[in-house]
Amino acid sequence: MSSQPLKVLFLSSDTGGGHRASAESLAAQFELLFPGTTYDLLDVVTKDGLPPYNQLVQHYKHLSAHPQQWNLVFKFSNSRAFEFFFDVSNKLLCEKAMRKSIMEYNPDVVVSVHPMMTNVPISCCEKISQETGRHLPIFTVVTDLASAHCLWFANGVDKIYIASDECRKLAKERGKVPDEKIIQIGLPIRHQFAIQADLMGDRMSLEGKEYQKKVRESLGLPVIDKKTVLVMGGGEGVGSLLNIVDSLYVEFYNKGIDALILVVCGRNEKLKADLEARDWDTVLAMHHERKYSKYRSLSSFSFQSCVSGVKAPVAMSSGCMEGSVTQQIKRILSSSSLGKITSTNAISDMSDEEEEVVEDKVSSQSGIAVRAPSPVVNLPPMIEVDDVDDEVDDKAPSDEGSEPMDNISSTKPESAQKKNGEVKVVGLGFVTKMAEYMVAADVLISKAGPGTIAEAASLSLPVMLTSFLPGQEEGNVDYVVSGGFGAFVSDKDPVRVAKEVGKWLVDEEKAQSLSNAAKKCGAPHAARDIVKSIGSLTLKWKQINDDRERLNKAAEKLKLGVTSYEEEESIEQSLSMAETKLSS
């Protein structure tokens, strides 16, 4: 069937940038594949919906900035009881107004990219079809990767397009959508990602690496031959980016990793200004002093002092008083390691909560403002086996007493001096060439937004996730981790984020594995393939609708007896063609 222009109506809302971005990516493909196509975007819930649903856009920013409130709203609304109440109330009170709004655009096809605009608009399209005698097809494109809201999955659509097996399962279980209506293609992303994916090819190949350098040069990056990390926090620059960037800088510097850190600040002008004015020598010094103070405080702590009641440093006394010693005794006795206790492994055996108390109090005593790691994430031991050599220079003097740390490091032979990494940090504003920046990067650090994950996967880019919206984005974390192309470490523990990313940068085999896994999950041409499917079905319905109109007119003429022999032949051919199309 030849391409013809279409009138497309997208149903969406600005509750986050992902819905509009998906609509725009699909619209761009309609314009490419069906020249002359026009499209409009309608937020039918805000325009014609009931409160509080029609006020969701203005409250979204507040809710997304308060994850626990968002979690409450998401879980309450993601239930069968709410789904039933929402559908019934809106159909009774809003369907007529929504139907009128849709008819004003006179579209050939309706495409919903928002979960609140499926069930009621389906009823609207059905009634429009009955009133006009022309079938108005409606399609749903789910813009979530895994933990999708139940309102997405309404069975009355012509087709529903999803990105994962998790969504297929939800569609069948929650929406009772049959398999023949479900098409699993991928998340629609901007066309520039498909272009860059085709140009780059295999990221880890020699050709892919050469193309990466070419893109870095075209972006005007200060270095093109060093490992590059792209740090994002969403379109508004949300997230604990500054703490993460500080930790990355310190980790790369200490581990001798030459790297470029690109920070997408979005609309957060303060963050961008802070990065530009940041004194990285001071950041390194503060990190050094923090570790030195911590070990100095811990060196005077021992298991015996806690058990015997000897006064311990303030940083540890609370841990003893809160009953942690009893737990330590049980663990120590069960492991038969009583005689091996030292101040170091005693503190390593502490719970995450206790370790947080120690770091927080030590930091406050030293007068350095440092955010303690979150107990949400399981922290590694105080000194990991593979980090011992790297952290020797930062350890405090032993209990026996020795010369200061600076003197220790200065007495090392020149050949034993560890090479420090050359690290550059560049703050970016609101980026328009995101595909090129993802090509330039070796690792992406971001929140668990579905669009960002899909874009990274399309370019075989490993992902470190640091935050997510409870409920809505939890499944996205599982999607990345189970897909094997990334990990999750909370942004409340930026040090651990930096350590994990540092390991990826120096391990070529790990980088290859992550990139290959990302490529398997990527779908750079998803928007094109979705539009091909929607456009083809819409044109078929358009042809059938036109044939029906001709047949109805011919039938009226037959009733009036004003047809000629040639017209009767034409009617018979039209009937035959219509029957063939309907059967297919």
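All of these numbers come straight from a predicted model, not from anything done at the bench.

Each value, and the rule that gives it
Residues numbered from 1 in each chain as written. Predicted model: local features only at pLDDT ≥ 70, side-chain atom pairs only at ≥ 80, totals over all residues. Heavy atoms only, no water. Helix = DSSP H or I, 4+ residues; strand = E, 2+ residues; numbered from the N terminus. Buried < 20%, exposed > 50% of the residue type's maximum accessible area, 1.4 Å probe, protein only. Areas by Shrake-Rupley, 256 points an atom, 1.4 Å probe, with all protein chains shown as cover. Pairing = 2+ DSSP bridges. Axes fitted to C-alpha atoms, helices over the stretch in contact; angles between N-to-C directions. Contact = heavy atoms within 4.5 Å. Patch = residues over 30% accessible without salt bridge, like charges linked within 9 Å, V, L, I, M, F, W, Y side chains within 5 Å. Salt bridge = Lys/Arg side-chain N within 4 Å of Asp/Glu carboxyl O. pLDDT = per-residue confidence, 0-100. Right-handed = clockwise from strand over helix to strand, strands pointing away.

### Let's talk about the overall build of the chain
- The number of helices and strands found in the chain is 27 helices and twelve strands.
- Considering the chain as a whole, with its 584 residues, one finds that 49% of them fall into the buried category.
- Surface exposure of the chain reaches about 27,900 Å², of which carbon and sulfur atoms provide 53%.

### Things to note about the sheet that holds strand S11 (residues 463–465)
- Strand order in this open sheet of six strands is S9-S8-S7-S10-S11-S12, and the pairing throughout is parallel. Strands at the two margins of the open sheet, each flanked by one partner only, are strand S9 (423–428) and strand S12 (486–488). Across the sheet, the mean angle separating the axes of adjacent strands is 15 degrees when strand polarity is ignored.
- By the bridge criterion, six bridges tie strand S8 (residues 259–264) to S9 in an arrangement that is parallel. The residue of S9 that forms the bridge with Ile261 is Val425.
- Contacts from helix H23 (residues 474–483) reach S11 and S12, with the element oriented near 140 degrees to S12.

### Notes on the sheet that holds strand S1 (residues 7–11)
- The sheet built from six strands is open, its strands ordered S2-S1-S3-S4-S5-S6 with parallel pairing. Every interior strand has two partners, whereas the edge strands, strand S2 (38–42) and strand S6 (182–184), have only one. Within the sheet, the average angular offset between the axes of one strand and its neighbour, ignoring direction, is 20 degrees.
- Alignment of strand S3 (residues 109–112) against strand S4 (residues 138–141), held across three bridges, turns out to be parallel. When the bridges of S4 are listed, Val110 appears paired with Ile138.
- Against the sheet, helix H6 (residues 95–105) makes contact with S1, S2 and S3, and its axis sits at roughly 160 degrees relative to S2, the strand it touches most.
- Packed on one face of the sheet, helix H8 (residues 165–174) meets strand S5 (159–162) and S6 and runs near 175 degrees to S6.

### Some words on a nonpolar patch on the surface
- A surface patch of nonpolar side chains, about 460 Å² in accessible area, is lined by Phe84, Val88, Leu92 and Leu93.
- Looking at the secondary structure, you find Phe84 in helix H5 (residues 80–93).

### Comments concerning the confidence of the model for the chain
- Per-residue pLDDT for the chain averages 79, and the proportion of residues at 70 or more is 73%.
- Under a pLDDT of 50 for its full length, residues 302–415 has, in the predicted model, 146 contacts with residues more than four places off or in other chains.

### With respect to the pairing of S5
- As defined by bridge partners, S4 adjoins S5 across three bridges and the pair is classed as parallel. By the bridge assignment, Val141 is partnered in S5 with Tyr161.
- By the bridge criterion, three bridges tie S5 to S6 in an arrangement that is parallel. Paired with Ile162 across the two strands is Gln184, which belongs to S6.
- In terms of handedness, the path from S5 via H8 over to S6 forms a crossover that is right-handed.

### A word on the environment of Lys226
- Tracing the backbone through its elements, the reader meets Lys226 in the loop between helix H10 (206–218) and strand S7 (227–231).
- Residues Lys226 and Ala259, spaced 33 residues apart in sequence, show a C-alpha to C-alpha distance of 5.2 Å.
- Contacts of Lys226, omitting those with residues within four sequence positions, involve Arg216, Asp258, Ala259, Glu422 and Asp442.

### Quick word on the pairing of S8
- Most of S8 sits out of view: six of its six residues are buried.
- Burial of the side chains of S8 extends over both faces: Ala259, Ile261 and Val263 are buried on one face and Leu260, Leu262 and Val264 on the other.
- Here S7 runs beside S8; their pairing, made up of five bridges, is parallel. In the strand pairing of S8, Leu230 is matched with Leu262.

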